[in-house]
Each structure stands twice: as structure tokens, then as C-alpha cells.
Amino acid sequence: MSSRTPIQVPIELKEAVEEMKGTLRAGTHYEVIEKLIRYYNDNEQLKREQDEQRQLEKQKQQETMIYLGEELKRGYMHLNKSLGFASDASGVQFLIEHYENSLTIDKKTFDLARTLK
């Protein structure tokens, strides 16, 4: 069993703790303080977990996404739509395939892609 030691606090703090007894469903000032400490510790743990989750998401984003910028993305989306590809990845896949298998690239190639929907 733990022993209790009184602590001195300003009257305003004691009044605030007294008011929180109802909010925290605590019977004593000690319970209020214990619950506030537990709440603080739980909140800090949640912050750490959220930071870890954000770091994992950021890492995944860096591994799987390419930043194009607004203007270049608009141009790419227009190209993708005009060629009639079903997904954003299809346009990239088409460009890679063409790059790897053709020595030249011209607009006629893209016109052909439009007909291959």
C-alpha cells in the first residue's frame, strides 16, 4: 500500500481540481491527479504512435509516388485522358514500354494508342 503525502497548491488549483472531480468521476483530489497523469501519459503515447504512423506513411509515399508538380501533372493527366487509359498508371506503363522497345517516338505512336482503347 502506498503512503500519502499532502502537497501544497494554490487555492485556485485546488478549486480547479475540485471542479474536475465530477468531470473525471473521481472521489478524491488524488484520484483527479492520478487520472490527469494517466490521461497525459496516454495522450503522449497516442502522439508517439501517430508520429510513427505518419513516418510510415511518408516512407511509403516516398517509395511509391513521384512528385510531378501541378503543371506537369495536369499535362500528364491530359495525355492520359486523351489516350483513353483506364488508370493513371497505364499512361506511365505505356511510356515505359514504348521507351524500352522503340528507338524513336512520335505523335503517330500516341495517335495509335488512342485507337487501342
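So, how was this worked out
- Residues numbered from 1 in each chain as written.
- Predicted model: local features only at pLDDT ≥ 70, side-chain atom pairs only at ≥ 80, totals over all residues.
- Heavy atoms only, no water.
- Helix = DSSP H or I, 4+ residues; strand = E, 2+ residues; numbered from the N terminus.
- Rg over C-alpha atoms; globule rule 2.2 N^0.38 Å.
- Buried < 20%, exposed > 50% of the residue type's maximum accessible area, 1.4 Å probe, protein only.
- Contact = heavy atoms within 4.5 Å.
- Areas by Shrake-Rupley, 256 points an atom, 1.4 Å probe, with all protein chains shown as cover.
- Lys, Arg positive; Asp, Glu negative; His and termini not counted.
- Charge placed at Lys NZ, Arg CZ, Asp CG, Glu CD.
- Patch = residues over 30% accessible without salt bridge, like charges linked within 9 Å, V, L, I, M, F, W, Y side chains within 5 Å.
- Salt bridge = Lys/Arg side-chain N within 4 Å of Asp/Glu carboxyl O.

Colleague: Provide a residue-level description of the overall build of the protein chain, including the pertinent values.
Modeller: Scanning the protein chain from terminus to terminus reveals 5 helices and 0 strands. By the compact-globule yardstick of 13 Å for 117 residues, the protein chain is too spread out, its C-alpha radius of gyration being 31 Å. If one aligns the C-alpha atoms of the protein chain with their principal axes, the spans along those axes are about 85 × 25 × 20 Å. Residue burial in the protein chain is summarised as follows: out of 117 residues, 10% are buried. Put simply, 23% of the contacts in the protein chain that link residues at least 6 apart link residues at least 24 apart. About 10,700 Å² of surface is accessible on the protein chain, with carbon and sulfur atoms providing 55% of the total. Averaging the locations of the 18 positively and 20 negatively charged side chains of the protein chain gives two centres separated by 4 Å.

Colleague: Now, about a nonpolar patch on the surface: what can you tell me, with residues and values included?
Modeller: On the surface, Ile7, Val9, Leu13, Ile33 and Ile37 cluster together into a nonpolar patch covering about 420 Å² of accessible area. Tracing the chain through its elements places Leu13 in helix α1 (residues 11–23).

Colleague: An account of the environment of Glu52 is needed here, citing residue identities and associated values.
Modeller: Counting through the fold element by element, Glu52 comes out in helix α2 (residues 29–64). Sequence spacing of Glu52 and Tyr39 is 13 residues, and the spatial spacing of their C-alpha atoms is 20 Å.

Colleague: Can you tell me about unusual backbone geometry, naming the residues and giving the values?
Modeller: For residues besides glycine, phi is generally negative; the peptide bonds are generally trans as well. Here the phi dihedral of Arg25 falls at roughly 55 degrees; this positive angle occurs in a residue that is not glycine. Position of Arg25 relative to the elements: it lies in the loop between α1 and α2. Arg25 sits in the exposed class, given a relative accessible area of 74%.

Colleague: An account of the side chain of His98 is requested, with residue identities and associated values reported.
Modeller: Considering the arrangement of structural elements, one finds His98 in helix α4 (residues 88–101). We classify His98 as buried; its relative accessible area is 13%. Once residues within four sequence positions are removed from consideration, His98 is found in contact with Thr104, Ile105 and Thr109.

Colleague: Talk me through the pattern of salt bridges; I want residue IDs and the actual numbers.
Modeller: This structure, assessed with the given rule, holds 4 salt bridges. In this structure, Arg54 and Asp51 form a salt bridge, with 2.3 Å as the shortest nitrogen-oxygen distance. Of the two residues, Arg54 and Asp51 are both situated in helix α2; the distance of 3 residues between them amounts to about one turn of the helix. Salt-bridge contacts for Arg74 lead to Glu70; the nearest nitrogen and oxygen are separated by 2.9 Å. Taken together, the residues Arg74 and Glu70, both in helix α3 (residues 70–83) and 4 residues apart, mark about one turn of the helix. The exposure classification of Arg74 matches that of Glu70, with both residues exposed.

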